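Examining the three-dimensional arrangement
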Amino acid sequence: MRRPAAVVAQIPPVPLGVPAFTMLAFAVLACGLASPLPAQVRIGDVYHFDRPASLGGPSATVLADENAATGAGGLTWSCADEGLRVTLSTTFLGRELRARVRYAFDDGPESETGPWRLAASGMAAAAPPDLAAEFTRRALAARHLRLEVSDFQFRLVRYTFGLSGLAEALALLPCGPRAGMGPS
């Protein structure tokens, strides 16, 4: 069987003169200024991410001390329609709708175990909106957070988070409390 011949088009090279090169350089520079890359700034224990809304918007994330069994977890504050959203990123927790979470600030008592909404991936859990404000207020007044979450096999996954710099990082969020206001 005979194969059809491939059609190859040859495009003659176009020399870039000084005016064309200048226009190309200006276009590249203008595009770069119009769409800055996401920035990451460390403030104490917190990483502030300045991203455009199309990439999730700005957020403040605290990474947990390394957990030998599950790796590091993360606790992220970001803006949502209902105000601040608090999300725990963790190991696979399962396919349920809720994850069971409890926590304690500094050397204080542990909270009651409560349900946090589990993401479809099973690897993130968001605090209920009515809890997020109180949780944030307490986090702003604390130095450390101990958090436990139960996975699909009822094993407890434990994390410890440092919270220095949280007030300054949250003040950079459009929906966050302003720096200098202190915990309310």
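These remarks concern the structure in this document. Treat the numbers as computed from the prediction; the structure is a model and nothing was measured.

Glancing now at the overall build of the chain. When its secondary structure is counted, the chain shows 3 helices and 10 strands. Written out in order from the N terminus, the α and β elements of the chain read α-β-β-β-β-β-β-β-β-α-β-β-α. Here the chain holds 184 residues, and 36% of them are scored as buried. When the accessible surface of the chain is split by element, carbon and sulfur atoms take 60% of a total near 11,900 Å².

Attention shifts here to the pairing of strand E2 (residues 46-50). When you tally the buried positions in E2, you get 4 out of 5 residues, the bulk of the element. For strand E1 (residues 39-43) and E2, the ladder comprises 5 bridges, and the chain directions are antiparallel. Looking at E2, one finds that Val41 is bridged to His48. Joining the antiparallel neighbours E1 and E2 is a turn of 2 residues, in which Gly44 adopts a positive phi near 65 degrees. Pairing of E2 with strand E3 (residues 59-63), which is carried by 4 bridges, proceeds in the antiparallel orientation. By the bridge assignment for E3, Phe49 is matched with Ser59.

Parameters and conventions
- Residues numbered from 1 in each chain as written.
- Predicted model: local features only at pLDDT ≥ 70, side-chain atom pairs only at ≥ 80, totals over all residues.
- Heavy atoms only, no water.
- Helix = DSSP H or I, 4+ residues; strand = E, 2+ residues; numbered from the N terminus.
- Buried < 20%, exposed > 50% of the residue type's maximum accessible area, 1.4 Å probe, protein only.
- Areas by Shrake-Rupley, 256 points an atom, 1.4 Å probe, with all protein chains shown as cover.
- Pairing = 2+ DSSP bridges.

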